[in-house]
Amino acid sequence: MSEKSVLVIGGGVAGMQAAFDLAEAGIKVCLVEKTLSIGGRMAQLDKTFPTNDCAICILAPKMMDCYRHENIEVLTFSEVISVEGEVGSFKVKILRRPRFVDAELCNGCGDCARVCPMGILNRFDMDLRVRGGAYIPFLQAVPLIYALDREKCMRCGLCKVVCGKDAIRFDQKPELVERSVGAIIVAIGFDPLDPSGITEYGYGKYDNVLTALEYERLICAAGPTGGHVMRTDGKEVRSIAWIQCVGARDTRDNRPYCCSVCCMHATKEAILTKEHYPEVGTSILYTDLRCFGKGFQEYVNRAKDDYGVVYIRGKPSEIREKENRNLEIFYSPASDKVEKLEVDMVVLCTALIPSEGVEMLAQILGIELDGYKFFKLKDPYNPTETTRAGIFVAGYCQAPRDIPECIAHGSAAASRAMEVVLGGSDDRRD
Amino acid sequence: MRADCRMEKITEIINRTKAYYCVECGKCTSACPLSRFGDYSPDRVVERTLIGLPVRPDLRIWSCLTCGRCKEVCTYGVDYPEFIRRIRSVAKGEKEQGICAHGELFSVMRLLTRQSETPQKRLYWVSEDLMVRDKGDMLYFTGCLPYFDIVFRDLGVHTVEIARSTVKILNKLDVVPVVMNDEVCCGHDLYWNGEIETFKRLAAINIQNIARRGAKKVIFSCPEGYRTFKLDYPEFFDLDFELVHISEFLAEQLDEGKIDFRTIDEPVTYHDPCRLGRHLGVYDAPRRVISTIAPNFVEMASNRENSLCCGTAGWTNCDSFSEEIRGERLKECSDTGAQMMITSCPKCLIHFKCHMSNRKGDYDLEIVPFEVFVARAMGLVK
């Protein structure tokens, strides 16, 4: 690593694209990812809109391309803890958290996970599936190196006994590494909002009110239920309603922005539901239908005409759980009178918010956030430039955008970082 | 009023209440207690105003309960109750008014603004066992309790018991509150019915009288009075005394371990008055106190910010829909299994008691004012 190299923070689609573009141009890249695997939020999706392509099928080759690229060093389970210097010569300290597994020796066979007696909810599956204490977050994880959850581990040692490579390292310590880079790209993505604070919808109180990302895991063939949509009480699902703009376009908690994806996301989930179960009733309760992208309106038309998805204009004000655990939604379609819709399951399309820890990272990097904690741009005509020279931003962490836009943004950030490290004009460095 | 002048006022109302943010999503309509039982749509009223249609004469502006449920669920920040209140004051300026459900009640409030030769006898409820004074740091703003006690005696509500309980609780906690015979109506009902000038006169009298007593802190049992002092008086006057609701005061004392209660085993539930809850955000303090006394405290299906209204506010437009809303709320109460519903608002108490008195035998419920409930638990009243 040298001043001719670039640090990319965040291994989602935007970060991977930026890293890959830079690497292809012959620039060394250090890609730092907080979780155990690169792939980001897209890896959690079943399909993508508006083409219904399998998300992981598109993503997994990209993840491998990134990981195996000779110019990219991927540091997973790692976080940037300090940045010194200035544009052209940043000194970055990165904390590598211990996996308690020797990364060189582990061949990803999964024997440790099979014998582990622990049951821990898997964040990747939105806590809908149990994993062992020795685990990878999902099957296609890259790198395919297991990790031990030592916080919850009861230290029985079974994993160590079965590991044929003797790769278990209970005494592994956190490691501090330093890299010198000329530019930095931040692409830390988003977190889905926990909607339990929006009390009128009863999330967390009613069993059959889910978030869109939870539903995405349910309908995913590789998900916790193998793609079968079921309720916790085992009842067959006959009707599902999606509620749009939950926590987004909401001034009550300073989130007036549109999440930019949930109209299409809900349409996709409704179409997938219809493909799995043509007889299930699907309704989408929306505020405004924002089909602004290429092929988006056609996608909604197909949902309506070919799949029979029902679109209802009206933001519900209340959900009540009935004795049979069905849900009664109160809404007012033309502000005329109150209508009730009874469904078996409600999916809340929640706001997507800046990732946890964004303020800390902004402080470490010395860059500013906007009023909603997205990274601030220096000026609107440089859509990847943060408030500090040499630090660029890509993807959802700058502003709401969908997957193709995040990828384009990643490429844009990469090209600006290239200017810096390939010795563009000096005035850029001021 | 000239048309352009009225237009200017309406535009200001739209701006002040952010009505222009309305996207007609219908969330308020589906949340409105009135629309659940009748036909009412806040966003329709807003839209009519936004596109410049005359907002009056229109009875819809007088039907609103101002309960604030619409404002609570609105994700665009439209303050509909305030919108209605301001539109009403425009309408009032043009000699329109809603239907007061209790005859000439408003006239009495107006009369209070006049100088009178014979002083009112507002402190008739202060019995010998109560310690009160005329000057001091802490003042208890009694509000209309002594007045309601007489007007609504046929319902058996005895609202002066609320005032007596409040003073007994304060005495027990070594507070001898100031009470004022020259206190006047806080003006809440007139304010919400568009009568701003009379409201300001009442406010001025109260503020002057409180200042003369040297009070540093004013304590309220009535949520309407508390709201009016806290949010509406400062629109026109500077207050140099602190305001506190009895529930907040008690919760604080509870934290400091200063109160002993006799606990009860029976389940009880609590009805959030709109002024204390949604308007002022005081949800936790009464719950802290009640659940300490009654560990088997249960919530009704709709509670806190989603709480159902008692059916009317400001004595305006109490009708069959209001009755249905009350019935629904009392059903929610019965569904919890609790036989005691506690509320901190004398008007909620009056409204529920009125509903029950017309349907004798339908309900096996007791509606207890918060202050009386606490005083009983402290062994101060029976």
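Residues numbered from 1 in each chain as written. Chains lettered and ligands numbered in written order. Predicted model: local features only at pLDDT ≥ 70, side-chain atom pairs only at ≥ 80, totals over all residues.

1. Concerning the overall build of chain B
Moving on, step 1. From N to C terminus, chain B includes 19 helices and 6 strands.
Moving on, step 2. With the C-alpha coordinates aligned to their principal axes, the bounding extent of chain B is approximately 60 × 50 × 40 Å.
Moving on, step 3. Burial status across chain B gives 50% buried among its 382 residues.
Moving on, step 4. Taking the contacts inside chain B whose residues are at least 6 apart along the sequence as the reference set, 79% of them involve residues at least 24 apart. (Helix = DSSP H or I, 4+ residues; strand = E, 2+ residues; numbered from the N terminus. Buried ≥ 20, exposed ≤ 12 C-beta atoms within 10 Å, placed from the backbone. Contact = placed C-beta atoms within 7 Å.)

2. Describing the overall build of chain A
Moving on, step 1. When its secondary structure is counted, chain A shows 9 helices and 24 strands.
Moving on, step 2. Computed over its C-alpha atoms, the radius of gyration of chain A comes to 23 Å, within 12% of the 22 Å expected for a compact globule of 430 residues.
Moving on, step 3. Its C-alpha atoms put chain A at 65 × 60 × 35 Å along the principal axes.
Moving on, step 4. In chain A, buried positions account for 48% of the 430 residues. (Rg over C-alpha atoms; globule rule 2.2 N^0.38 Å.)

3. Looking at the domain arrangement of chain A
All names here are of chain A.
Moving on, step 1. Taken domain by domain, chain A consists of domain 1 (6-97 + 174-189 + 355-429) and domain 2 (194-351).
Moving on, step 2. On a C-alpha basis, the centroid separation for the pair domain 1 and domain 2 is 32 Å.
Moving on, step 3. Of the residues contributing to the side of domain 1 that touches domain 2, the split by class is 5 nonpolar, 2 polar and 4 charged. (Domains from an automatic or database assignment. Nonpolar A, V, L, I, M, F, W, Y, C, P; charged D, E, K, R; others polar.)

4. With respect to the domain arrangement of chain B
For an interface, size is often stated in terms of accessible area lost upon the parts coming together.
Residues and elements named next belong to chain B.
Moving on, step 1. For chain B, the assigned domains are domain 1 (3-93), domain 2 (105-251) and domain 3 (261-377).
Moving on, step 2. A C-alpha centroid distance of 30 Å is found between domain 1 and domain 2.
Moving on, step 3. With 6 residues of domain 1 at the contact, the number on the domain 2 side is 5 residues.

5. Some points on the sheet that holds strand β22 (residues 345-350) of chain A
All names here are of chain A.
Moving on, step 1. Taken together, the 5 strands give an open sheet; going across it, the order is β15-β22-β16-β17-β18, and neighbouring strands pair in parallel fashion. Both edges of this open sheet fall to β15 (209-211) and β18 (310-313), since each of them pairs with a single strand only. Adjacent strand axes in the sheet meet at a mean angle of 25°, parallel and antiparallel pairs treated alike.
Moving on, step 2. In this sheet, strand β17 (residues 281-286) lies alongside strand β16 (residues 239-246) in parallel orientation, the contact comprising 5 bridges. Paired with Trp242 across the strands is Ile284, a residue of β17. (Pairing = 2+ DSSP bridges. Axes fitted to C-alpha atoms, helices over the stretch in contact; angles between N-to-C directions.)

6. Some points on the environment of Asn206 of chain B
Moving on, step 1. Structurally, Asn206 of chain B can be placed in helix α12 (residues 196-212).
Moving on, step 2. Along the chain, Asn206 of chain B and Ala101 of chain B lie 105 residues apart, while their C-alpha atoms are 26 Å from each other.

7. Some words on the sheet that holds strand β2 (residues 217-220) of chain B
Residue and element names in this part refer to chain B.
Moving on, step 1. Strands sit in the order β1-β2-β3 across an open sheet of 3 strands; the sheet is parallel. Of all the strands in the sheet, the pair left with one neighbour each is β1 (138-141) and β3 (242-245). Strand after strand, the sheet turns through a mean of 25° between neighbouring axes, direction not considered.
Moving on, step 2. Summarising the sheet, β1 and β2 pair through 4 bridges and their orientation is parallel. Looking at the pairing, Leu139 lines up with Val218 of β2.
Moving on, step 3. Contacting β1, β2 and β3, helix α13 (residues 223-236) crosses the sheet at an angle of about 155° to β3.
Moving on, step 4. In this fold helix α14 (residues 246-255) packs onto β2 and β3, with an angle of close to 85° to the strand it touches most, β3.

8. Some details on the packing of α14 of chain B against helix α16 (residues 284-293) of chain B
Residue and element names in this part refer to chain B.
Moving on, step 1. Two elements in contact, α14 and α16, have axes separated by 8 Å at closest approach and are oriented at 55°. Considered as vectors, α14 and α16 are oriented oblique to each other. In this structure, α14 crosses over α16, and the sense of that crossing is left-handed. Together, Ser247, Glu248, Leu250, Ala251 and Leu254 of α14 and Ala285, Pro286, Arg288, Val289 and Thr292 of α16 make up the contact between the two elements.
Moving on, step 2. When its residues are assigned to classes, the contact of α14 with α16 shows 6 nonpolar, 2 polar and 2 charged. (Parallel < 35°, antiparallel > 145°, perpendicular 65-115°, else oblique. Left-handed = near helix turned anticlockwise from the far one by under 90°.)

9. Notes on the nonpolar core
Moving on, step 1. Val6, Ala19, Ile185, Val186 and Val346 of chain A are the most contacted members of the largest nonpolar core, which totals 139 residues.
Moving on, step 2. Here this core gathers at least three residues from each of two domains, domain 1 (6-97 + 174-189 + 355-429) and domain 2 (194-351) of chain A.
Moving on, step 3. Ignoring any residue separated from it by four or fewer positions in sequence, one finds Ile185 of chain A in contact with Val6, Val8, Ala18, Phe392, Ala394, Ala413, Ala414 and Ala417 of chain A.
Moving on, step 4. Formed by 105 residues, the second largest nonpolar core is a distinct cluster that contains Leu65, Tyr191, Ile325 and Cys333 of chain B. (Core = buried A, V, L, I, M, F, W, Y, C linked by C-beta atoms within 7 Å.)

10. Let's talk about helix α18 (residues 346-357) of chain B
Residue and element names in this part refer to chain B.
Moving on, step 1. With 12 residues, α18 ought to run about 16 Å at 1.5 Å a step, and its terminal C-alpha atoms sit 16 Å apart, in line with that.
Moving on, step 2. When you tally the buried positions in α18, you get 9 out of 12 residues, the bulk of the element.
Moving on, step 3. Among the residues of α18, Pro346, Lys347, Cys348, Leu349, Ile350, His351, Phe352, Cys354 and His355 are the ones counted as buried. (Expected span 1.5 Å × (residues − 1).)

11. Side note on unusual backbone geometry
Leave glycine aside and you will find that most residues have negative phi; peptide bonds, for their part, are mostly trans.
All names here are of chain A.
Moving on, step 1. A cis geometry characterises the amide bond from Phe49 onward to Pro50, with omega recorded as 0°.
Moving on, step 2. With omega at 0°, the peptide bond leading from Val142 into Pro143 counts as cis.
Moving on, step 3. Examined against the element boundaries, Pro143 turns out to sit in the loop between β10 (134-135) and β11 (147-148).
Moving on, step 4. In this model, Phe77 sits at a positive phi of 55°, which is unusual for a non-glycine residue.

12. Quick word on the interface of chain B and chain A
Moving on, step 1. The partner chain A presents 22 residues to the 20 residues of chain B that form the contact.
Moving on, step 2. The set of elements that each furnish at least two residues to the side of chain B that touches chain A consists of α2 (27-31), α3 (33-37) and α4 (42-50) of chain B.
Moving on, step 3. When residues in the side of chain B that touches chain A are grouped by element, the largest group, 4 residues, is from α2 of chain B.
Moving on, step 4. Each residue belonging to the side of chain B that touches chain A can be placed in one class, and the counts come to 5 nonpolar, 8 polar and 7 charged.

13. Considering the confidence of the model for chain B
Moving on, step 1. With 98% of its residues at a pLDDT of at least 70, chain B reaches an overall mean of 91.
Moving on, step 2. Scored as a complex, the prediction yields pTM 0.91 and ipTM 0.86. (pLDDT = per-residue confidence, 0-100.)

14. Concerning the environment of Ile367 of chain B
Residues and elements named next belong to chain B.
Moving on, step 1. Examined against the element boundaries, Ile367 turns out to sit in strand β6 (residues 366-369).
Moving on, step 2. The buried category is assigned to Ile367, around which 21 C-beta atoms lie within 10 Å.
Moving on, step 3. Taking the C-alpha atoms as reference, Ile367 lies 20 Å from Asn306; in sequence the two are 61 residues apart.
Moving on, step 4. The contacts of Ile367, once residues within four sequence positions are left out, are Met341, Thr343, Leu349, Phe352 and Lys353.

15. Section: the pairing of strand β19 (residues 318-321) of chain A
Residue and element names in this part refer to chain A.
Moving on, step 1. Bridge count for β19 against strand β20 (residues 327-331) is 4 bridges, and the pairing is antiparallel. Residue Glu318 lies in a different strand from β20, and its bridge partner there is Phe330.
Moving on, step 2. A loop of 5 residues connects β19 with β20, the two strands running antiparallel in sequence, and Arg325 in this loop sits at a positive phi of about 70°.

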